[in-house]
Amino acid sequence: MPDGVVQVGLLGPVVAAVLLGCVAFFAAALDGVFVARMGRRSVRSGVASPVWEVARLLRQRRRSVVAADSLLWRVGVSGLLVVALLKAVVVPLGSWVVADLSVGVVWFNAMDVMVWALVWMAGWGANSAFSLVGGYRFLGQALLYELPLMFALTAPVVAAGSLRVGDVVTAQEGLWFVVWMPVAFLVFCAGVIAFSVWGPFSPALGRDIGGGVLVELSGVDRLLLLAGRYALLSAGAGFAVALFLGGGSGPFAPPWVWTLVKTLAVLFVFVGVRRMFAVLRPDRLVEAAWVVVLPAVLLQVLFVSLVVVGR
Amino acid sequence: MSVVLGGFFWFLAVVAVAAGIAVFRVDSMARATYALALSFVSVGVMLLLFNLEYIGVITILMMVMEMAIMAVFMIMFMGMNPALMPMSMVHSKRSSMILAGGGFVVLAGGALLVPWPARRGGPAADLTQSLGEAIMGSKMLVMLTVSPVLFATLVAALVLASPRGRYDRFGDDLRISPPRGPEQKDGRS
């Protein structure tokens with residue numbers, strides 16, 4: 001993509017929303033397949049499992065709780081999906097993007113901080129102890145992943161000399177950033193999994209506290225929160241492609257195909273991580289995050305800065 | 001600014017003020033916290049309308065983060081956790097009403113009575129940069145001095161507040177491996 005990215009017209013947001021939905025469905029179906037394979041069921045039943053789950057949740061009666069803070073509860077539960085959409089707005093598909101903000105990377109970062117508030121609100125609103133514990137667990141986890149994530153976002157920005165996602169994509173024409181900033185890439189991926197409350201970073205929804213934030217959620221509320229998680233994971237995968245994996249660059253196919261292929265590949269790994277790692281306790285992980293990961297990312301940023309200065 | 005953007009600006013202004021009022025009217029710490037967040041987010045979006053993209057987005061980021069952290073503090077530092085129960089968001093009503101009213105009169109009076117200078121020249125090409133230079137340019141030395149002092153204060157406060165540091169965990173020579181785990185209730189480590 002020699003000319004960076006161009007903004008699309010009014011139809012853009014609609015297409016982006018539909019596309020995000022499709023990618024999120026892919027993630028859910030993939031997770032279903034992993035579960036089906038472990039239970040020695042057919043792949044087809046795994047692919048279909050999100051469809052049945054949606055149907056089941058849409059028919060299920062919505063649970064109401066005594067003295068629930070309905071306003072914050074509903075905002076928190078439905079907000080994840082909205083935030084994922086607002087993230088997707090700055091993720092380029094090939095050479096198109098809904099909004100090529102001059103501070104696109106900071107926008108993405110601001111939206112993932114929104115998740116802090118939303119997950120806590122979803123935990124708080126239910127007026128249930130375990131649910132609130134889940135909300136607080138997420139905040140504890142947020143304190144350990146957010147700073148490394150912020151510095152991981154800094155590395156490609158420094159290399160491109162711009163906060164505009166389009167410029168970051170253009171700057172990778174010769175060499176993908178993942179090649180010379182692998183630490184930042186890995187930390188960013190971990191950050192995406194963490195703000196999606198997914199896999200090893202899902203103690204907020206832990207079984208040991210009866211499902212945590214999910215404990216009182218049923219019906220359409222539960223559907224929104226679970227869909228929001230997959231959507232966040234998908235938007236994060238798309239952003240990883242734009243920031244580290246050269247966006248839509250690749251041979252033999254148009255850029256938008258490459259963006260999609262790479263996004264789905266990254267998403268495949270993200271979804272698979274859930275089956276590979278146990279859930280990590282935030283209070284245990286915080287030391288590793290601050291003592292090991294944060295200095296490692298800072299060194300990565302230092303390395304990138306030196307390369308940029310020397311260039 | 002077109003009519004639509006102008007209308008949007010006033011809408012945001014009303015939301016910001018109304019959410020600010022809600023902070024004191026609601027009966028739950030959680031709602032007060034996030035009403036304040038909403039107020040700040042509206043201000044952040046208003047800054048976006050001024051084409052101050054970076055400052056606008058950073059305002060949203062910082063304020064939402066601060067309010068989320070406030071939820072941690074409200075559990076940590078409020079005795080017997082009234083924070084989790086319905087409670088009034090105001091205390092010392094009389095004196096704070098007088099203070100707030102007086103403050104408003106002084107500030108609004110100042111805004112109305114001060115002879116504002118007319119604009120000289122046009123807006124800079126990079127508003128964020130020129131705003132940064134206007135605020136920080138001549139005060140850079142002060143900033144450079146204040147920030148290490150502030151940082152040292154933070155670290156010192158943390159060291160004083162921390163019940164057990166690395167010497168408790170790694171021993172006097174910092175050589176114990178694996179480190180001692182979290183302290184048990186009976187005092188064993």
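Rules and cut-offs
Residues numbered from 1 in each chain as written. Chains lettered and ligands numbered in written order. Predicted model: local features only at pLDDT ≥ 70, side-chain atom pairs only at ≥ 80, totals over all residues. Heavy atoms only, no water. Helix = DSSP H or I, 4+ residues; strand = E, 2+ residues; numbered from the N terminus. Rg over C-alpha atoms; globule rule 2.2 N^0.38 Å. Buried < 20%, exposed > 50% of the residue type's maximum accessible area, 1.4 Å probe, protein only. Contact = heavy atoms within 4.5 Å. Areas by Shrake-Rupley, 256 points an atom, 1.4 Å probe, with all protein chains shown as cover. Lys, Arg positive; Asp, Glu negative; His and termini not counted. Charge placed at Lys NZ, Arg CZ, Asp CG, Glu CD. Buried area = accessible area lost by both parts, 1.4 Å probe. Salt bridge = Lys/Arg side-chain N within 4 Å of Asp/Glu carboxyl O. Phe/Tyr/Trp six-rings, centres within 6.5 Å; stacked < 30°, edge-to-face > 60°. Lys NZ or Arg CZ within 6 Å of the ring centre and 35° of its normal. Axes fitted to C-alpha atoms, helices over the stretch in contact; angles between N-to-C directions. Left-handed = near helix turned anticlockwise from the far one by under 90°. Nonpolar A, V, L, I, M, F, W, Y, C, P; charged D, E, K, R; others polar. Core = buried A, V, L, I, M, F, W, Y, C linked by side-chain atoms within 4.5 Å. Domains from an automatic or database assignment. Expected span 1.5 Å × (residues − 1). Bend = angle between axes of the 7 residues up to and from the residue. Patch = residues over 30% accessible without salt bridge, like charges linked within 9 Å, V, L, I, M, F, W, Y side chains within 5 Å.

## Let's talk about the overall build of chain A
Here comes step 1: Helix and strand counts for chain A come out as eleven helices and two strands.
Here comes step 2: Taking 2.2 N^0.38 as the reference for a compact globule, 311 residues should give roughly 19 Å; the C-alpha atoms of chain A span a radius of gyration of 19 Å, in line with that estimate.
Here comes step 3: If you line up chain A on its principal axes, its C-alpha atoms span 60 × 40 × 40 Å.
Here comes step 4: In chain A, which comprises 311 residues, the proportion classed as buried is 54%.
Here comes step 5: Relative to all contacts within chain A whose residues are 6 or more apart in sequence, the contacts with residues 24 or more apart total 79%.
Here comes step 6: Counting only carbon and sulfur atoms, one obtains 71% of the accessible surface of chain A, whose full area is about 13,300 Å².
Here comes step 7: The averaged location of the 14 negative side-chain charges in chain A is 13 Å from the averaged location of its 22 positive side-chain charges.

## What to know about the interface of chain B and chain A
Here comes step 1: At the junction of the two partners, chain B supplies 23 residues and chain A supplies 25 residues.
Here comes step 2: Per-residue buried area on chain B facing chain A is highest for Arg-31, Tyr-34 and Leu-61 of chain B; these three make up 26% of the total on that side.
Here comes step 3: Arg-31 of chain B is paired through a salt bridge with Asp-69 of chain A; the nearest N and O atoms lie 2.6 Å apart.
Here comes step 4: If you list the elements that add at least two residues to the side of chain B that touches chain A, you get α2 (29-49), α3 (53-76) and α7 (166-170) of chain B.
Here comes step 5: Broken down by element, the residue count for the side of chain B that touches chain A peaks at 14 residues, all from α3 of chain B.

## Here's the deal with the packing of aromatic side chains
Residue and element names in this part refer to chain A.
Here comes step 1: Under the definition given, this model contains 16 aromatic pairs over all chains.
Here comes step 2: Measuring from ring centre to ring centre gives 6.2 Å for Phe-188 and Phe-239, while their planes differ by 40 degrees; the resulting arrangement is tilted. Of this pair, Phe-188 sits in helix α8 (residues 182-195) while Phe-239 sits in helix α9 (residues 219-244); the two residues are 51 residues apart in sequence, bridging distant segments of the chain.
Here comes step 3: With a relative accessible area of 0%, Phe-239 lands in the buried category.
Here comes step 4: A network of ring pairs unites the aromatic residues Phe-108, Phe-185, Phe-188, Phe-195, Phe-239 and Phe-244 as a single cluster.
Here comes step 5: Sitting above the plane of the Phe-195 ring, Lys-87 keeps its charged end 3.2 Å from the centroid.
Here comes step 6: Against the face of Trp-198 rests Arg-274, its NZ or CZ located 4.7 Å from the ring centre.

## Things to note about the packing of helix α5 (residues 129-160) of chain A against α8 of chain A
All names here are of chain A.
Here comes step 1: Between α5 and α8, the shortest axis-to-axis distance is 8 Å and the interhelical angle comes to 145 degrees. For α5 against α8, the interelement crossing comes out left-handed. Of the residues in α8, those touching α5 at Phe-138, Gln-141, Tyr-145, Pro-148, Leu-149, Ala-152, Leu-153 and Ala-155 are Ala-184, Val-187, Phe-188, Gly-191, Ala-194 and Phe-195.
Here comes step 2: When grouped by side-chain class, the residues that make up the contact of α5 with α8 number twelve nonpolar, two polar and no charged.

## A few points about the nonpolar core
Here comes step 1: Counting 116 residues, the largest nonpolar core has Trp-120, Phe-188 and Phe-239 of chain A as its most contacted members.
Here comes step 2: A per-element tally of this core places helix α4 (residues 104-125) of chain A first, with 17 residues.
Here comes step 3: Excluding anything up to four places from it in sequence, Trp-120 of chain A contacts Leu-132, Gly-135, Tyr-136 and Leu-139 of chain A together with Ala-30, Tyr-34, Ala-71 and Met-74 of chain B.
Here comes step 4: One finds Leu-12, Ala-13, Met-46 and Leu-49 of chain B within the second-largest nonpolar core, a separate group that totals five residues.

## Some details on the pattern of salt bridges
Residues and elements named next belong to chain A.
Here comes step 1: Taken as a whole and assessed by the stated rule, the structure comprises twelve salt bridges over all chains.
Here comes step 2: Asp-221 is paired through a salt bridge with Arg-74; the nearest N and O atoms lie 3.2 Å apart. Pair noted here: Asp-221 is in helix α9 and Arg-74 is in helix α3 (residues 70-88), with a separation of 147 residues, a long-range link.
Here comes step 3: The class for Arg-74 is partly exposed, based on a relative accessible area of 28%.
Here comes step 4: Each of Asp-31, Arg-274 and Arg-275 takes part in one network of salt bridges that share partners.

## Let's talk about the domain arrangement of chain B
Here comes step 1: One can read the domain layout of chain B as domain 1 (1-89) and domain 2 (135-184).
Here comes step 2: On a C-alpha basis, the centres of domain 1 of chain B and domain 2 of chain B stand 30 Å from each other.

## Some remarks on the packing of helix α2 (residues 43-59) of chain A against α9 of chain A
Residues and elements named next belong to chain A.
Here comes step 1: Interhelical geometry of α2 versus α9 gives an angle of 145 degrees and a closest axis separation of 6 Å. Viewed along their axes, α2 and α9 form a crossing whose handedness is left-handed. In this structure, α2 contributes Val-54, Leu-57 and Leu-58 to the contact, and α9 contributes Gly-219, Val-220, Arg-222 and Leu-223.
Here comes step 2: Counted by class, the contact of α2 with α9 contains five nonpolar, one polar and one charged residues.

## Side note on helix α11 (residues 282-310) of chain A
Residue and element names in this part refer to chain A.
Here comes step 1: Its 29 residues place the ends of α11 39 Å apart at the C-alpha level, agreeing with the 42 Å of an ideal helix rising 1.5 Å per residue.
Here comes step 2: Taken as a whole, α11 carries its principal kink of about 40 degrees at Ala-289.
Here comes step 3: What α11 keeps buried is the set Pro-282, Ala-289, Leu-294, Val-297, Gln-300, Val-301 and Val-304.
Here comes step 4: Lining the buried residues of α11 we find α5, α7 (177-180) and α8.

## A word on a nonpolar patch on the surface
Residues and elements named next belong to chain A.
Here comes step 1: A cluster of nonpolar side chains, contributed by Val-6, Val-8, Trp-96 and Trp-256, occupies part of the molecular surface with about 360 Å² of accessible area.
Here comes step 2: Locating Val-6 in the fold gives a position in strand β1 (residues 6-7).
Here comes step 3: Judged by relative accessible area, which is 46%, Val-6 ranks as partly exposed.

## Side note on the environment of Gly-219 of chain A
Here comes step 1: Inspection of the secondary structure puts Gly-219 of chain A in helix α9.
Here comes step 2: A sequence separation of 86 residues divides Gly-219 of chain A from Val-133 of chain A, and the C-alpha atoms of the two residues are 22 Å apart.

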